[in-house]
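# Observations on the three-dimensional arrangement
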Amino acid sequence: MTDPASISNPDGEDLLFRLLRQLDTAPDASQRATAAAVGISLGRLNTLLRQAADSGLIAISARPGPDKRQRFAYSLTTRGAAEKVRLTDQFLARKLAEYNALHAELTGSASGLPPLKHRTNPMQSNLAPIPELYVSYESAQKLKVEAADLVSWDLTPRQICDLELLMNGGFNPLKGFLTEADYNSVVDTMRLTDGSLWPMPITLDVSEDFASKLEAGQDIALRDQEGVILATMTVTDNWVPNKAKEAEKVFGADDDAHPAVNYLHNTAGKVYLGGPVTGIQQPVHYDFRARRDTPNELRAYFRKVGWNKVVAFQTRNPLHRAHQELTFRAAREAQANLLIHPVVGMTKPGDVDHFTRVRCYEAVLDKYPAATTSMSLLNLAMRMAGPREAVWHGLIRKNHGCTHFIVGRDHAGPGKNSAGEDFYGPYDAQDLFREFQGEMGIEMVDFKHMVYVQERAQYEPADEIEDKDNVTILNISGTELRRRLAEGLEIPEWFSFPEVVAELRKTKPPRAQQGFTVFFTGFSGSGKSTIANALMVKLMEMGGRPVTLLDGDIVRKNLSSELGFSKEHRDLNIRRIGYVASEITKNGGIAICAPIAPYATTRRAVREDVEQFGAFVEVHVATSIEECERRDRKGLYKLAREGKIKEFTGISDPYDVPQNAELVVETENVDVDNCAHQVLLKLESMGLIKA
Ligand code: PPS
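As the structure is a prediction and not an experimental result, all values here were calculated from the model.

## Describing the pairing of strand β16 (residues 458-461)
In the case of a regular strand, side chains alternate between the two sheet surfaces. Here strand β15 (residues 450-453) runs beside β16; their pairing, made up of four bridges, is antiparallel. Within β16, the position partnered with Val451 by the bridge is Glu460. The antiparallel hairpin formed by β15 and β16 contains four residues in its connecting segment, where Ala457 sits at a positive phi of about 50°.

## Some thoughts on the sheet that holds β15
An order of β16-β15-β17 is seen for the three strands of this open sheet, with the pairing classed as antiparallel. Bordering the open sheet on either side are β16 and β17 (473-474), each of which pairs with just one other strand. Pairing geometry for β15 and β17, over two bridges, is antiparallel. Note on β17: the bridge partner recorded for Tyr452 is Leu474.

## Examining helix α6 (residues 157-167)
Counting buried residues in α6 gives 10 out of 11 residues, a clear majority hidden from the surface. Phi turns positive, to about 90°, at Gly169, one or two residues after α6.

## With respect to the layout of surface pockets
By volume, the second largest pocket amounts to about 1,000 Å³. Broken down by secondary-structure element, the contributors of at least two residues to the lining of the second largest pocket are α4 (78-107), α14 (386-399) and α15 (428-440). In terms of residue count, the dominant contributor to the lining of the second largest pocket is α4 (eight residues). Its residues assigned to classes, the lining of the second largest pocket shows 15 nonpolar, seven polar and eight charged.

## Things to note about the UniProt feature "binding site: ATP" (unreviewed entry) in the protein
Those residues carrying the UniProt feature "binding site: ATP" (unreviewed entry) are Gly522, Phe523, Ser524, Gly525, Ser526, Gly527, Lys528 and Ser529 in this numbering. Residues in contact with Phe523, not counting those within four places in the same chain, are Lys528, Thr623, Ser624, Ile625, Cys628, Tyr637, Thr649, Gly650 and Tyr655. Tracing the sequence through the fold places Lys528 in helix α18 (residues 528-542). A relative accessible area of 7% means that Lys528 is categorised as buried.

## Some points on the nonpolar core
Judged by nonpolar contacts, the single largest core of 77 residues is most densely connected at Phe171, Trp198, Leu204, Ile220, Leu222 and Leu273. In this view, Leu222 contacts Trp153, Leu155, Leu163, Phe177, Leu204, Val228, Ile229, Leu230, Ala231, Met233 and Val277; residues no more than four positions away in its chain are not counted.

## Quick word on helix α17 (residues 498-507)
Looking at α17, one finds that the buried residues are Val500, Val501, Glu503 and Leu504. Taken end-on, α17 shows its buried residues confined to a sector of 160°, consistent with a single buried face. On its buried face, α17 is in contact with α13 (354-365) and α16 (478-486).

## Things to note about empty space enclosed by the protein
As enumerated under the stated definition, the model contains three cavities of 30 Å³ or more in all. Elements supplying a minimum of two residues to the lining of the largest cavity: α9 (243-251) and α10 (259-266). When the residues that make up the lining of the largest cavity are grouped by side-chain class, the tally is six nonpolar, one polar and three charged. Empty space within the second largest cavity amounts to approximately 40 Å³. In terms of lining, the second largest cavity is formed by Arg158, Gln159, Asp162, Pro201, Thr203, Asp205 and Arg383. In terms of residue count, α6 provides more of the lining of the second largest cavity than any other element does, three residues in total. Here the residues of the lining of the second largest cavity are counted per class, giving one nonpolar, two polar and four charged.

## Observations regarding a negative patch on the surface
On the surface, Glu333, Asp463, Glu464 and Glu466 cluster together into a negatively charged patch. Relative to the helices and strands, Glu333 is located in helix α12 (residues 321-334).

## So, the pattern of salt bridges
With the rule as written, the count across this model stands at 40 salt bridges. Between Arg316 and Asp351 there is a salt bridge, with the nearest N and O atoms lying 2.6 Å from each other. With Arg316 in the loop between β10 (310-315) and α12 and Asp351 in the loop between β11 (337-342) and α13, the pair connects residues that are 35 residues apart, well separated along the chain. The residue Arg434 makes a salt bridge to Asp431 at a minimum N-O spacing of 3.2 Å. One end of the pair is Arg434 and the other is Asp431, both in helix α15 and three residues apart, which spans about a single turn.

## Overview of the packing of aromatic side chains
Inspection of every chain in the model, using the stated rule, returns 19 aromatic pairs. Seen in terms of ring centroids, Phe302 and Trp307 are 5.8 Å apart; in terms of plane orientation they differ by 15°. Their pairing is stacked. When its relative accessible area of 0% is taken as the criterion, Phe302 is described as buried. The residue whose ring lies beneath Lys586 is Phe613, and the NZ or CZ to ring-centre distance is 5.4 Å.

## Section: the sheet that holds strand β20 (residues 590-594)
Ordered in space as β19-β20-β18-β21-β22, the five strands form an open sheet in which the pairing is parallel. Each edge of the sheet is formed by a strand with only one pairing partner; in this case those strands are β19 (547-551) and β22 (663-665). Taken over all neighbouring pairs, the strand axes of this sheet differ in orientation by 20° on average, direction set aside. Those strands touched by α18 are β18 (516-521), β19, β20, β21 (615-621) and β22, and its axis lies near 165° from that of β20. Where helix α20 (residues 567-586) meets the sheet, its contacts fall on β18, β19 and β20, and the angle it forms with β20 comes to roughly 165°.

## A look at the side chain of Lys528
Although buried, Lys528 forms no salt bridge, and the nearest oppositely charged side chain, Asp551, lies 6.9 Å from it. At a separation of 3.1 Å, a polar atom in the side chain of Lys528 contacts the main-chain carbonyl oxygen of Phe523. Setting aside residues up to four positions removed in sequence, Lys528 forms contacts with Phe520, Thr521, Gly522, Phe523, Ala594, Pro595, Ile596 and Val621.

## What about the UniProt feature "domain: Sulphate adenylyltransferase catalytic" (unreviewed entry) in the protein?
Within this numbering scheme, the UniProt entry marks residues 292-506 as carrying the feature "domain: Sulphate adenylyltransferase catalytic" (unreviewed entry). A helix fraction of 38% and a strand fraction of 15% characterise residues 292-506, whose end C-alpha atoms lie 24 Å from each other.

## So, the site of the ligand
Inspection of the region around the ligand gives 21 residues, with Ser524, Arg556, Arg570, Ile596 and Glu647 positioned closest. Burial of the ligand by the protein chains amounts to 93% of its free accessible area of 620 Å². Broken down by secondary-structure element, the contributors of at least two residues to the shell around the ligand are α19 (552-557) and α20. For the shell around the ligand, the class distribution of residues is nine nonpolar, five polar and seven charged.

Conventions adopted
- Chains are numbered independently. Their residues run from 1 in the order of the written sequence.
- For this predicted model, a pLDDT threshold of at least 70 governs which residues receive local features, and a threshold of 80 or more governs which side-chain atom pairs are given and counted, while totals over whole chains, interfaces and linings are taken from all residues.
- In computing side-chain properties, one takes all heavy atoms of the structure into account and sets aside hydrogens as well as water.
- What makes two strands pair is DSSP finding at least two bridges between them.
- A run of H or I in DSSP becomes a helix once it reaches four residues, and a run of E becomes a strand once it reaches two; helices and strands are each numbered from the N terminus.
- The buried label goes to any residue with under 20% of its type's maximum accessible area, the exposed label to any with over 50%, and the partly exposed label to all in between, with areas taken from a 1.4 Å probe on protein chains only.
- Buriedness of a pocket was judged along seven lines, with at least five required to meet protein on both sides within 12 Å; pockets are open sets of points on a 1 Å grid over the protein atoms alone, cavities are sets where a 1.4 Å probe fits but cannot get out, and lining residues have an atom within 4 Å of a point.
- Grid points are joined across faces, edges and corners, and a volume is the space filled by probe spheres set on the points.
- As a working rule, the residues Ala, Val, Leu, Ile, Met, Phe, Trp, Tyr, Cys and Pro are called nonpolar, Asp, Glu, Lys and Arg charged, and the rest polar, with Gly in that last group.
- UniProt positions are given in the numbering used here, feature names are shortened, and annotations may be inferred rather than shown by experiment.
- We call two residues in contact whenever any of their non-hydrogen atoms come within 4.5 Å of each other.
- As used in this record, nonpolar core signifies buried Ala, Val, Leu, Ile, Met, Phe, Trp, Tyr and Cys residues forming a set joined through side-chain atoms within 4.5 Å.
- The directions considered for the arc are those from the helix axis to the C-beta atoms.
- Exposure above 30% relative accessible area and the lack of any salt bridge qualify a residue for a patch; like charges then connect within 9 Å, and the nonpolar side chains Val, Leu, Ile, Met, Phe, Trp and Tyr within 5 Å.
- Here the accessible surface of atoms and residues is derived via Shrake-Rupley with a 1.4 Å probe, and residues count as covered only by protein chains that are part of the display.
- When a carboxyl oxygen of Asp or Glu is within 4 Å of a side-chain nitrogen of Lys or Arg, the pair counts as a salt bridge.
- His is not counted here, nor are the chain ends, while Lys and Arg score as positive and Asp and Glu score as negative.
- Charge positions come from single atoms, namely NZ of Lys, CZ of Arg, CG of Asp or CD of Glu.
- The rule is short: rings of Phe, Tyr and Trp, with Trp giving its six-membered ring, pair when the centres are within 6.5 Å, and they are stacked under 30 degrees, edge-to-face over 60, tilted in between.
- Each ring is checked for a lysine NZ or an arginine CZ that lies within 6 Å of its centre and within 35 degrees of its normal; such an atom marks a charge sitting over the ring.
- In this analysis an axis means a line fitted to C-alpha atoms, helices contributing only their contacting stretch, and an angle means the value between N-to-C directions, from 0 to 180 degrees.
- Between N or O atoms, a polar contact is any pair within 3.5 Å; within protein, one atom must be a potential hydrogen donor and the other a potential acceptor, and residues adjacent in sequence are included only when both atoms are from side chains.
- One heavy atom within 4 Å of a molecule or strand is enough for the residue carrying it to be called near that molecule or strand.

As structure tokens, then:
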């Protein structure tokens, strides 16, 4: 194998860059044409081709046909494509340095680029193209075929978001998922090993099983959830991270109440893989396609409309009047155009879904001056990491061509920790951003909390109101807004726009019109099915919503007919019931479930599935095991005692008594009708049915 050093000296790298670029863009050209394009002799070209092939950067294959001068075909390998991306980057960096030096010479400024505020050159660095990790269309087609032989990793939804921003330059300067050394450096110091500022670990987490099958330096294919290839990656690093340390350093506490820490411990794989990525194609989005832009598309747009200064507004919430005022003020303060840049990848669990939000944004967009405001959707997976996240968001917006970034109160805050306290101080994010903005190349426009001053009928930053004791200050918190929506209460005009409220009400009708799930749990023979049946009939009598009963016995005859009673099978059975119930709830119906559901963790998982779409009402039918055994309606307890039925709940298999059920019903001295009525009263008190 050729020593790569022979082509990796600066001149050699330059030549290699030109060769790879040429083979990538004109793979079918004759050798003579390739040599001419690269600017070298035929002999030199042949040597170079051989060296590149020996280094695994290009593949040489025989080409059929009469022309002897075109006996061989040359194509970039996965590694060659990655090398081309790296060298392109290097080339661009050198050109930018040359440009800076020239600019300095012409303007007499010794320090390269002048400060951001005074820069008026039409090709400002925020408007120049940014490096991407994609290969050309032709190479992508070849790589797709080659990748059929590679081991594949099916990306999780979060990894797809990360990969998209890696490939399109949104995460520039990253060239792939972090290596172990970069990961440790980012966790400890918020910097890559080369010193560049980067606050967030972007890692490819995988299962131990998958990681154990890989060798160092192996190329793998990265595919979306339908199996479409998006990229290849050369796995240079494969390690088990210290997740507790990552949680402490990056998110401020190893506390599962933080959504990203919860994800880290309970969803992410145990092993991280690192290495350079070669982009083949963007993930496909079928929703709001015209509203999505890559960093280079936004930069090109800003160039076209002549926007030299752009202030970005990051959001994961619908826009209300306070946000509008804040963005107007920010644009005025920075004397910049405004980019509303909402996140539509993954936000905080429980947030308003992005479909609803985008309809809300579109509804208010015409309240902004069209000539100076634009909106684009960002497929980012947020981590809710407060201060670090603000710096990360700033770098991402710089990559998207923005010069200013709005950081408000509690930027990307994750809510309360398990002790009920805020994870970060309200202005920690602003403080950290301020510390680094000099080297970030994007300026912060900071805002304090905006509140409504009734007497002046306008929004003002809370800390700027000098006469606060003599005026009426109004504010509606997120929790209060959710309560008003859930109960169908008035949302005042001073708070939001009627169009936005109408959209929110469509998605979140009052609770009495939403779907919900009633989940009975208890021993076999406790009376679950009987009460569930009575409840179903009463709800059908009331009308308004379709009702479905998922009784334990019935489910086992249909949906779960192949399952037994091992822990694994019981979990599968309950998760299936949970899935069906969550679909019913999502579509506005009422699901009544009545399985034994003996394990607390599985019940919690079902609760989480359902609560994405509506209320989950857990009812513990607390008939004692002694009473169930005394009743023994099906004769199963007798068989269980005789050992003829194994793993029988309450006899030879455990039952975790619910600790936080919405309702506990006793059946021993109460009739069925009364039990069902207790459930109805509970539903009424939760606002799920009208009195
Ligand atoms: S589970 O644990 O939730 O999956 O059980 P479930 O699907 O609700 O059980 C349905 C009925 O199966 C009968 N049965 C058993 N129950 C418990 N343990 C064992 N080993 C077992 N074998 C059969 C039992 O009668 C359940 O019906 P219900 O309606 O609860 O009496």
